[in-house]
Amino acid sequence: MKNWSRIRPKLNLIIDSIMFVDLAAVAGLGFLMKYVLLPGYKINEIYGTNTELYHWGLDRHQWGSIHLYLALFLVSLLVLHIIFHWDMIICIFKQMIAGRKTRILIAVLLGITGLLLFAVPLFVKPEVAELERKHNRNRVPGVYGPQHDSLYVERHENYIQPSDISPVSPKAELPDKSVQESVKTTQEEAEEVHRHHYNEVDIDGTMTLSEISGRYNISVAELAGIINVPVEYANERLGRLKKRYGFEMDDLRAFISSKSQDTDK
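Residues numbered from 1 in each chain as written. Predicted model: local features only at pLDDT ≥ 70, side-chain atom pairs only at ≥ 80, totals over all residues. Heavy atoms only, no water.

**Quick look at the overall build of the chain**
Phase 1: When you go through the chain residue by residue, the secondary structure sums to 12 helices and zero strands.
Phase 2: Ordered by position from the N terminus, the helices and strands of the chain form the series α-α-α-α-α-α-α-α-α-α-α-α.
Phase 3: The burial tally for the chain puts 26% of its 265 residues in the buried class.
Phase 4: In the chain, of all internal contacts separated by at least 6 residues, the share reaching a separation of at least 24 is 61%. (Helix = DSSP H or I, 4+ residues; strand = E, 2+ residues; numbered from the N terminus. Buried < 20%, exposed > 50% of the residue type's maximum accessible area, 1.4 Å probe, protein only. Contact = heavy atoms within 4.5 Å.)

What follows is the structure, given as structure tokens:
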């Protein structure tokens, strides 16, 4: 016991020192993720699209994981700190609050509050809100330029170009007005169908191929084949895969849109 009484103050000092360094690291990583490694929407505003920020080769999400591990380590050190100072805590607690029942009530309330703050976030269901895509949300094959149509037509056999509905030669005899209106209506209906299905595809860089497969009932192999990504990366975020393989999210949206249209038929 005499040896323990000598070792205990030194051990407390070591634990307190590690806690201080760990707390400083947790705070520093919080500042890093808040003010340096900005979230996606702020990156687009400042640096433009298709940009990702790194520090020492790690992105914002990877630093967030390290931040979590350091926070859990800090909690474990805090528990040790409380255990080693338990007698002192009890003594001061009794001096501050005379009534035994009051002390028990306050201790129970503190324990429940700490437990709720620690555990409740693990069971919270997030509020889902659909965000409007400013640039790609309403871009529909056949309407927004041949550079996108060529890729879409190459991968989707059932797609019909608006110009394929009624090819008219400049020298050919023009059809009557009713035929022209019918062709125009057919073209508008085809474009509206494509627009409807395309706009219903809600995917982003935070999702994985496995999540998309479950949402739209399309096999992971088909989705991976469209963007030329190995199937074994089905559980990795699309944002990271996009940086590695250089595909376009719109190709994936167009494919899912065409599959949804085929299902409706």
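So much for the structure itself; the text now carries on.
**Remarks on the packing of aromatic side chains**
Phase 1: Going through the model one piece at a time under the given rule, you end up with two aromatic pairs.
Phase 2: Plain terms: the ring middles of Y233 and Y245 are 6.3 Å apart, the flat faces sit at 50 degrees to each other, and that makes the pair tilted. Within this pair, whereas Y233 is found in the loop between α10 (220-226) and α11 (238-245), its partner Y245 is found in helix α11, the two being separated by 12 residues in sequence.
Phase 3: Owing to a relative accessible area of 31%, Y245 belongs among the partly exposed residues under this scheme. (Phe/Tyr/Trp six-rings, centres within 6.5 Å; stacked < 30°, edge-to-face > 60°.)

**Things to note about the nonpolar core**
Phase 1: The biggest cluster of nonpolar side chains holds 21 residues, and the ones touching the most others in it are I203, L209, I212, L238, L252 and I256.
Phase 2: Where this core is concerned, the elements lending two or more residues are α9 (209-216), α10, α11 and α12 (249-264).
Phase 3: Beyond its immediate stretch of four places on either side in the chain, L238 contacts D204, G205, M207, L209, I212, I227, F247, M249 and L252.
Phase 4: By size, the runner-up hydrophobic cluster in this structure holds eight residues, among which are L29, L32, L53 and W63. (Core = buried A, V, L, I, M, F, W, Y, C linked by side-chain atoms within 4.5 Å.)

**Topic: the environment of K259**
Phase 1: Considering the arrangement of structural elements, one finds K259 in helix α12.
Phase 2: K259 gets classed as partly exposed once you look at its relative accessible area, which sits at 28%.
Phase 3: Sequence spacing of K259 and N217 is 42 residues, and the spatial spacing of their C-alpha atoms is 9.5 Å.
Phase 4: Apart from the residues within four sequence positions on either side, K259 is in contact with I218 and E222.

**Focus on unusual backbone geometry**
Phase 1: A positive phi angle is found at W56, which is not glycine, with a value near 55 degrees.
Phase 2: Its location among the elements puts W56 in the loop between α2 (40-47) and α3 (60-84).
Phase 3: In this model, N228 sits at a positive phi of 55 degrees, which is unusual for a non-glycine residue.
Phase 4: Inspection of the secondary structure assignment puts N228 in the loop between α10 and α11.

**Description of the layout of surface pockets**
Phase 1: When its volume is computed, the second largest pocket comes out at roughly 580 Å³.
Phase 2: Every residue lining the second largest pocket is counted, 17 residues in all, and those nearest its centre are I82, W86, A107, L110 and G111.
Phase 3: Mapped onto the lining of the second largest pocket, the elements with two or more residues apiece are α3, α4 (86-96) and α5 (100-119).
Phase 4: Of the residues forming the lining of the second largest pocket, the biggest block, eight residues, is contributed by α5.
Phase 5: Split into classes, the residues belonging to the lining of the second largest pocket amount to 12 nonpolar, two polar and three charged. (1 Å grid on protein atoms, 1.4 Å probe; cavity = no way out; pocket = protein on both sides within 12 Å on 5 of 7 lines; lining within 4 Å. Points joined across faces, edges and corners; volume = space filled by probe spheres on them. Nonpolar A, V, L, I, M, F, W, Y, C, P; charged D, E, K, R; others polar.)

**Looking at the confidence of the model for the chain**
Phase 1: Put simply, the chain has an average pLDDT of 75, and 68% of its residues get 70 or more.
Phase 2: Confidence drops under a pLDDT of 50 for residues 133-160, and excluding neighbours within four residues, the segment shows 49 contacts in the predicted structure. (pLDDT = per-residue confidence, 0-100.)

**A look at a nonpolar patch on the surface**
Phase 1: On the surface, a cluster of nonpolar side chains totalling about 750 Å² of accessible area is made up of L68, Y69, L72, V75, V79, L80, I83 and F118.
Phase 2: In terms of residue count, α3 provides more of the nonpolar patch than any other element does, seven residues in total.
Phase 3: Within the secondary structure, V79 is located in helix α3. (Patch = residues over 30% accessible without salt bridge, like charges linked within 9 Å, V, L, I, M, F, W, Y side chains within 5 Å. Areas by Shrake-Rupley, 256 points an atom, 1.4 Å probe, with all protein chains shown as cover. Salt bridge = Lys/Arg side-chain N within 4 Å of Asp/Glu carboxyl O.)

**What to know about the side chain of D59**
Phase 1: By the secondary structure assignment, D59 is in the loop between α2 and α3.
Phase 2: Among the polar contacts made by the side chain of D59, one reaches the main-chain amide nitrogen of H61 at a distance of 3.2 Å.
Phase 3: In this view, D59 contacts L37, E52, L53, Y54, R240 and K243; residues no more than four positions away in its chain are not counted. (Polar contact = N/O pair within 3.5 Å; in protein donor to acceptor, adjacent residues only side chain to side chain.)

**Side note on α3**
Phase 1: Relative to the 36 Å expected for 25 residues at 1.5 Å per residue, α3 spans 36 Å between its end C-alpha atoms, a close match to the ideal helical length.
Phase 2: Those residues of α3 that fall on the buried side of the exposure criterion are W63, L74, L77 and F84.
Phase 3: A side-chain oxygen of the first residue of α3 lies 3.2 Å from the backbone nitrogen of H61; this N-cap is D59. (Expected span 1.5 Å × (residues − 1).)

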